[in-house]
Amino acid sequence: VDARRLDRAGFTVDASPTIERVRLDQAVAHEVAGQTEGEIPAARAATRCLGHVPQAPQVALDVQLRGTATVSAMGPQDLVLMVRHPDGTFSCDDDSGGNTDPRLVLDLPAGPHEVWVGTYSAFIASPFDLRVDFAPVLDTPTDDP
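Rules used throughout
- Position labels on residues start from 1 in each chain and follow its written sequence.
- Confidence filtering applies because this is a predicted model: local features only for residues at pLDDT of at least 70, side-chain atom pairs given and counted only at 80 or more, and all residues used for totals across whole chains, interfaces and linings.
- Side-chain descriptors were evaluated using all non-hydrogen atoms of the structure, hydrogens and water having been removed beforehand.
- Side-chain rings of Phe, Tyr and Trp (the six-membered ring for Trp) are treated as a pair once their centres are within 6.5 Å; stacked means planes under 30 degrees apart, edge-to-face means over 60, and tilted covers the remaining angles.
- A run of H or I in DSSP counts as a helix once it spans at least four residues, and a run of E counts as a strand once it spans at least two, with each numbered from the N terminus.
- Classification of residues uses two cut-offs on accessible area relative to the type maximum, computed with a 1.4 Å probe and protein chains only: under 20% is buried, over 50% is exposed, and between them is partly exposed.

1. Considering the packing of aromatic side chains
Note on aromatic pairs: each is described by the distance of the centres and the angle between the planes.
So, step 1. Within this structure, the stated rule accounts for one aromatic pair.
So, step 2. Their ring planes at 45° and their centres at 6.3 Å tell us that Phe90 and Trp116 sit as a pair that is tilted. Of this pair, Phe90 sits in strand β8 (residues 90–93) while Trp116 sits in strand β10 (residues 111–119), placing them 26 residues apart in sequence.
So, step 3. Note on Phe90: relative accessible area 11%, which makes it buried.

Printed below as a string of structure tokens:
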């Protein structure tokens with residue numbers, strides 16, 4: 001018996017990350033190593049997404065302060081990245097990191113962001129290294145005359 005709830009695209013609803021939860025509240029470069037196998041077409045999340053991703057996200061980014069993040073993955077297979085934002089929208093990439101490596105540069109609002117690393121082809125297992133470079137954007141007060 002599987003007690004997981006799935007959304008209409010086949011992704012696990014309110015899933016805990018399978019690898020790690022990362023708190024982003026200061027400038028940081030964070031690396032995570034893992035294994036992936038793409039099961040679900042990423043296009044089910046958003047039509048512009050390519051490749052295949054697991055049911056549950058591998059990493060959750062708990063963004064405490066709005067900031068800019070560069071999220072990239074490297075591995076021996078053709079990898080893809082998918083990020084679900086707090087408002088339910090998705091950002092995806094296939095090869096922007098060079099060769100077959102994905103990379104996203106994102107303006108992240110505060111809140112939970114879920115990260116999937118998948119493979120371009122379905123059911124191909126691959127190790128990966130995920131890197132998140134985060135820089136908070138500090139709002140500067142305006143001087144009102």
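2. A short note on unusual backbone geometry
Residues apart from glycine generally show negative phi values, whereas peptide bonds are mostly found in trans.
So, step 1. One non-glycine residue with positive phi stands out, namely Asn99, at about 55°.
So, step 2. Position of Asn99 among the secondary structure elements: in the loop between β8 and β9 (103–108).
So, step 3. A residue is classified by how much of its surface remains accessible, and Asn99, at 75% relative accessible area, is exposed.
So, step 4. In this structure, Phe123 is a non-glycine residue whose phi angle is positive, near 60°.
So, step 5. In this fold, Phe123 is placed in the loop between β10 and β11 (125–136).
So, step 6. A residue is classified by how much of its surface remains accessible, and Phe123, at 55% relative accessible area, is exposed.

Remember, this is a structural readout, not a statement about activity or role.
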